[in-house]
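# Chains, contacts and geometry: an overview
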Amino acid sequence: RKEVEQDPGPFNVPEGATVAFNCTYSNSASQSFFWYRQDCRKEPKLLMSVYSSGNEDGRFTAQLNRASQYISLLIRDSKLSDSATYLCAVTRDNAGNMLTFGGGTRLMVKP
Amino acid sequence: TAGITQAPTSQILAAGRSMTLRCTQDMRHNAMYWYRQDLGLGLRLIHYSNTAGTTGKGEVPDGYSVSRANTDDFPLTLASAVPSQTSVYFCASRATLNTEAFFGQGTRLTVV
């Protein structure tokens, strides 16, 4: 089993829809969590960090569920420009400073 | 601002040849990483470095070596390239364990 897993999708949604992705992690010692966005043939860029209490940035909401070992990303009022691949990333303090990524979930927002 | 820079942006390399992918950051970040990204496999960690002078193996280290002589540079070397090393390589850095990582623009390597 991979340490960090995501549904690869693609998720095809109409503009204005709400869409949610989950990312599961296998190691309970995982400490920090992030969502990245990657556009085709570009480098990943941070979308948001995920805090224990959950956090929101405009149309984006990230949540952490330590008991079930997953993080989630909710996108409200989807825009065409949200079409991209969303990667979750996890760090573990007892694994040096390794930053491990999931395989990514592809989102396609259609008119 | 430069941030993190990779070179070259793309390369075609004959199998059996060696090559060094360069990565330089000007943010004085302690940790640096090399990933490869292949279709359907996401970002896989090759090697990492927590601080200058130290390196560690990631998920797929075989066939690659790294060095970290100073804070800014983290080169990745393929001693004898094979076609399975055809991939997009990303270098990343971050300040501390709980901070975000910044990525270079990537190097597209084709081994023929």
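My aim in this report is to walk through the structure given alongside it, one point at a time.

### Some thoughts on the overall build of chain A
- Counting secondary structure elements, chain A contains zero helices and 12 strands.
- From first element to last, N terminus to C terminus, chain A shows the α and β order β-β-β-β-β-β-β-β-β-β-β-β.
- Overall, the C-alpha framework of chain A stretches about 45 × 30 × 20 Å when taken along its three principal axes.
- Within the span of chain A, comprising 111 residues, buried residues form 47% of the whole.
- Of the roughly 5,300 Å² that chain A leaves accessible, carbon and sulfur atoms contribute 46%.

### What about the sheet that holds strand β7 (residues 64-66) of chain B?
All names here are of chain B.
- What the four strands build is an open sheet, ordered β1-β3-β8-β7; its pairing is antiparallel. Each of the sheet's edge strands pairs with one partner strand only, and the pair in question is β1 (4-7) and β7. Across this sheet, the average inter-strand angle for adjacent strands is 20°, counted without regard to direction.
- As paired strands, β7 and strand β8 (residues 76-78) are joined by three bridges and run antiparallel to one another. Residue pairing across strands places Tyr64 opposite Leu78, the latter belonging to β8.

### Points about the interface of chain A and chain B
- In this assembly, 23 residues from chain A lie in contact with 23 residues from chain B.
- For the pairing of chain A and chain B, the buried interface totals around 1,800 Å² over both sides, and the portion due to carbon and sulfur atoms is 54%.
- At the surface where chain A touches chain B, the tally comes to zero salt bridges.
- Where the side of chain A that touches chain B is concerned, the elements lending two or more residues are β4 (30-38), β9 (84-92), β10 (94-97) and β11 (99-101) of chain A.
- Here the side of chain A that touches chain B gets five residues from one element, more than from any other, and that element is β4 of chain A.
- Taken together, the residues of the side of chain A that touches chain B sort by class into nine nonpolar, eight polar and six charged.

### Quick look at the pairing of strand β7 (residues 60-65) of chain A
Residue and element names in this part refer to chain A.
- Where strand β6 (residues 55-57) meets β7, three bridges bridge the pair, whose relative direction is antiparallel. Looking at β7, one finds that Asp57 is bridged to Phe60.
- From the end of β6 to the start of β7, which pair antiparallel, there are two residues, and Gly58 there has a positive phi angle of about 65°.
- Linking β7 to strand β8 (residues 70-75), which pair antiparallel, is a turn of four residues; within it Gln69 sits at a positive phi near 55°.

### As for the packing of aromatic side chains
All names here are of chain B.
- Under the counting rule described, the total for this entry stands at 12 aromatic pairs over all chains.
- Here the aromatic rings of Tyr35 and Phe103 are separated by 6.0 Å at their centres, their planes lie at 40°, and the arrangement is tilted. Note that Tyr35 is positioned in strand β4 (residues 31-38) and Phe103 in strand β10 (residues 102-103), a separation of 68 residues in sequence.
- According to the relative accessible area criterion, Tyr35 is buried, its value standing at 0%.
- Its relative accessible area of 8% is what places Phe103 among the buried residues.

### Focus: the side chain of Thr61 of chain A
Residue and element names in this part refer to chain A.
- Relative to the helices and strands, Thr61 is located in strand β7.
- Take Thr61: its relative accessible area is 14%, and that puts it in the buried class.
- Within the local environment of Thr61, its side chain forms a polar contact with the side chain of Arg76, the two groups lying 2.9 Å apart.
- Not counting residues up to four positions away in its chain, the partners in contact with Thr61 are Asn55, Glu56, Ser72, Leu73, Leu74 and Arg76.

What counts and how
- Residues numbered from 1 in each chain as written.
- Chains lettered and ligands numbered in written order.
- Predicted model: local features only at pLDDT ≥ 70, side-chain atom pairs only at ≥ 80, totals over all residues.
- Heavy atoms only, no water.
- Helix = DSSP H or I, 4+ residues; strand = E, 2+ residues; numbered from the N terminus.
- Buried < 20%, exposed > 50% of the residue type's maximum accessible area, 1.4 Å probe, protein only.
- Areas by Shrake-Rupley, 256 points an atom, 1.4 Å probe, with all protein chains shown as cover.
- Pairing = 2+ DSSP bridges.
- Axes fitted to C-alpha atoms, helices over the stretch in contact; angles between N-to-C directions.
- Contact = heavy atoms within 4.5 Å.
- Buried area = accessible area lost by both parts, 1.4 Å probe.
- Salt bridge = Lys/Arg side-chain N within 4 Å of Asp/Glu carboxyl O.
- Nonpolar A, V, L, I, M, F, W, Y, C, P; charged D, E, K, R; others polar.
- Phe/Tyr/Trp six-rings, centres within 6.5 Å; stacked < 30°, edge-to-face > 60°.
- Polar contact = N/O pair within 3.5 Å; in protein donor to acceptor, adjacent residues only side chain to side chain.

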